[in-house]
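Commentary on secondary and tertiary structure
Residues per chain, in single letters:
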Amino acid sequence: MGPDLFDVAGRHVLVTGATKGIGEMIVRGFHAAGAHVYLTSRTAEDCAALADELGGRAVGLPADVSTLDGVRALAAAVAERTGTLDVLVNNAGATWGADIEDYPDEAWDKVLALNLKSPFHLTVACLPLLRAAATAERPARVIAIGSVDGMRVPIWESYAYAASKAGVHHLVKVMGKRLASEHITVNAIAPGVFPSKMMRFAIEEAEDELVASVPLGRLGQPGDAAGAAVFLASPAASWITGAVLPVDGGMVTLA
Ligand SMILES: NC(=O)c1ccc[n+]([C@@H]2O[C@H](COP(=O)([O-])OP(=O)(O)OC[C@H]3O[C@@H](n4cnc5c(N)ncnc54)[C@H](OP(=O)(O)O)[C@@H]3O)[C@@H](O)[C@H]2O)c1
């Protein structure tokens, strides 16, 4: 056992949905730990602004990962800048809430495309780069962001979202099995409630109730998201694949 169990310095890390919320927390965590980060969202100015702020070891690569064309363009843009990718974090996601009888077909298409199909397609598109980084001693890592709402029935009527996140949790097992022999691990983080654009309305409406629903008595903080992602990318997690790690202040204990 070396002294560097949690060291990710020098790793090449691609994070989707990286300009806001949990993705930004994760990208900042990897960058502070000395990794090279490739950060992406649909908004070019946001990608450029965050990459500029971080300075060296940060590249902004705008892309829409909800389409296959967008996914392939992103993988190609990363490949122009690095020959190896140690870590892919499939974080970009969206939700849609509506009453059961008003729940539109469009919600299913939009939410499944971004939350469930995109992590699959981007992982496949990045396989050449991940394979180039992967060794038995130091596996490459794929980390998907699921949700506590994929493990329990959500508070809100978010049918496609909850189903997509349960799908993500199963997908990491299916892909983890396939890619283990290639020394690529595939795991998920299942966040509880973190302040973000997606959660802004819910937190404004009912912050006290949300906090009261968390056994550890607070909402998620940047270090909670970044810490879990850095752990799953670190030497300490080399022998973990197909796992779903709840990072939710204990909400999973109530499910
Ligand atoms: N916040 C929570 O409490 C919570 C809890 C459980 C799980 N999660 C999961 O955590 C992940 C991040 O959620 P968040 O709350 O941090 O979200 P957020 O604040 O809404 O941020 C979403 C990020 O994804 C980008 N994005 C959205 N659509 C995209 C697309 N089609 N292609 C590329 N990038 C796209 C956004 O930038 P642009 O709009 O500029 O593209 C933004 O950077 C999601 O998978 C979510 O389901 C969040």
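This text follows the structure it describes.
Quick look at the structure, then. Here the residue numbers are simple positions, counted from 1 along each chain's written sequence. Only residues with pLDDT of 70 or above have their local features reported here, since the model is predicted, and side-chain atom pairs are shown and tallied only from 80 upward, although totals for entire chains, interfaces and linings are computed over all residues.

Residue pairs spaced three or four apart in an α-helix point in one direction, given the helix's 3.6 residues per turn. Every helix listed is a DSSP run of H or I at least four residues long, and every strand listed is a run of E at least two residues long, numbered separately from the N terminus. Every helix has an expected span of 1.5 Å times one less than the residues it contains. For helix 6 (residues 159-179), with 21 residues, the first-to-last C-alpha span of 30 Å sits near the 30 Å given by 1.5 Å per residue. Here a residue counts as buried when 20 or more other C-beta atoms fall within 10 Å of its C-beta, as exposed when 12 or fewer do, and as partly exposed in between; the C-beta atoms come from the backbone. Along helix 6, the residues that are buried comprise Ala-160, Tyr-161, Ala-162, Ser-164, Lys-165, Val-168, Leu-171, Val-172, Met-175 and Leu-179. Contacts from the buried residues of helix 6 go to helix 4 (105-125), strand 5 (140-145), strand 6 (184-191) and strand 7 (244-247). Residues are scored as being in contact if the C-beta atoms we place from backbone atoms lie within 7 Å.

Let us now look at the site of the ligand. As a matter of local geometry, the ligand sits amid 28 residues, with Gly-17, Gly-21, Arg-42, Gly-93 and Ser-196 nearest to it. Ranked by residues supplied to the shell around the ligand, first place goes to helix 1 (residues 21-32) with three residues. In this text, near has one meaning. A residue is near a molecule or strand if its C-beta atom, placed using the backbone, is within 6 Å of it.

With their axes 8 Å apart at the nearest point, helix 1 and helix 8 (residues 222-233) run at an angle of 60° to one another. As judged from the angle between their axes, helix 1 and helix 8 are oblique. The handedness of the crossing between helix 1 and helix 8 comes out as right-handed. Facing Ile-22, Met-25, Ile-26, Arg-28, Gly-29 and Phe-30 of helix 1, the residues of helix 8 in contact are Pro-222, Ala-225, Ala-226, Gly-227, Ala-229 and Val-230. The class makeup of the residues in the contact of helix 1 with helix 8 is nine nonpolar, two polar and one charged. Helix axes are fitted only over the stretch in contact, all axes being lines through C-alpha atoms; the angle between N-to-C directions runs from 0 to 180 degrees. Note that the term roughly parallel is reserved for angles under 35 degrees, roughly antiparallel for angles over 145, roughly perpendicular for angles of 65 to 115, and oblique for everything else. For any helix crossing, the convention is left-handed if the near helix is rotated counterclockwise from the far helix by under a right angle, and right-handed if that rotation is clockwise. Nonpolar residues are Ala, Val, Leu, Ile, Met, Phe, Trp, Tyr, Cys and Pro. Charged residues are Asp, Glu, Lys and Arg, and all others, Gly as well, are polar.

A separate point is the pairing of strand 4 (residues 87-90). Of the two faces of strand 4, both are covered, the one formed by Val-87 and Val-89 as well as the one formed by Leu-88 and Asn-90. Inspection of the sheet shows strand 1 (residues 12-16) paired to strand 4 by three bridges, in the parallel sense. Opposite Leu-14, over in strand 4, you have Leu-88 as the bridge partner. Two strands pair under a simple rule: DSSP has to find at least two bridges between them. In this structure, strand 4 lies alongside strand 5, joined through four bridges in parallel fashion. Residue pairing across strands places Val-87 opposite Arg-141, the latter belonging to strand 5.

Let us look at the packing of helix 3 (residues 68-81) against helix 4. When two helices pack together, their arrangement is given by the angle between the helix axes and the distance between those axes. Their axes nearest at 9 Å, the elements helix 3 and helix 4 cross at an angle of 35°. Taken as a pair, helix 3 and helix 4 cross one another with a handedness that is right-handed. Together, Leu-68, Val-71, Arg-72, Leu-74 and Ala-75 of helix 3 and Ser-118, His-121, Leu-122 and Ala-125 of helix 4 make up the contact between the two elements. Residue composition of the contact of helix 3 with helix 4, grouped by class: six nonpolar, two polar and one charged.

Strand order across the open sheet formed by seven strands is 3-2-1-4-5-6-7, with parallel pairing between neighbours. A single partner strand is all that each edge strand has here, and the edge strands are strand 3 (58-60) and strand 7. Within the sheet, the average angular offset between the axes of one strand and its neighbour, ignoring direction, is 20°. Packed onto the sheet, helix 1 meets strand 1, strand 2 (36-40), strand 3, strand 4, strand 5 and strand 6 and runs at close to 170° relative to strand 1. Packed on one face of the sheet, helix 6 meets strand 5, strand 6 and strand 7 and runs near 165° to strand 6.

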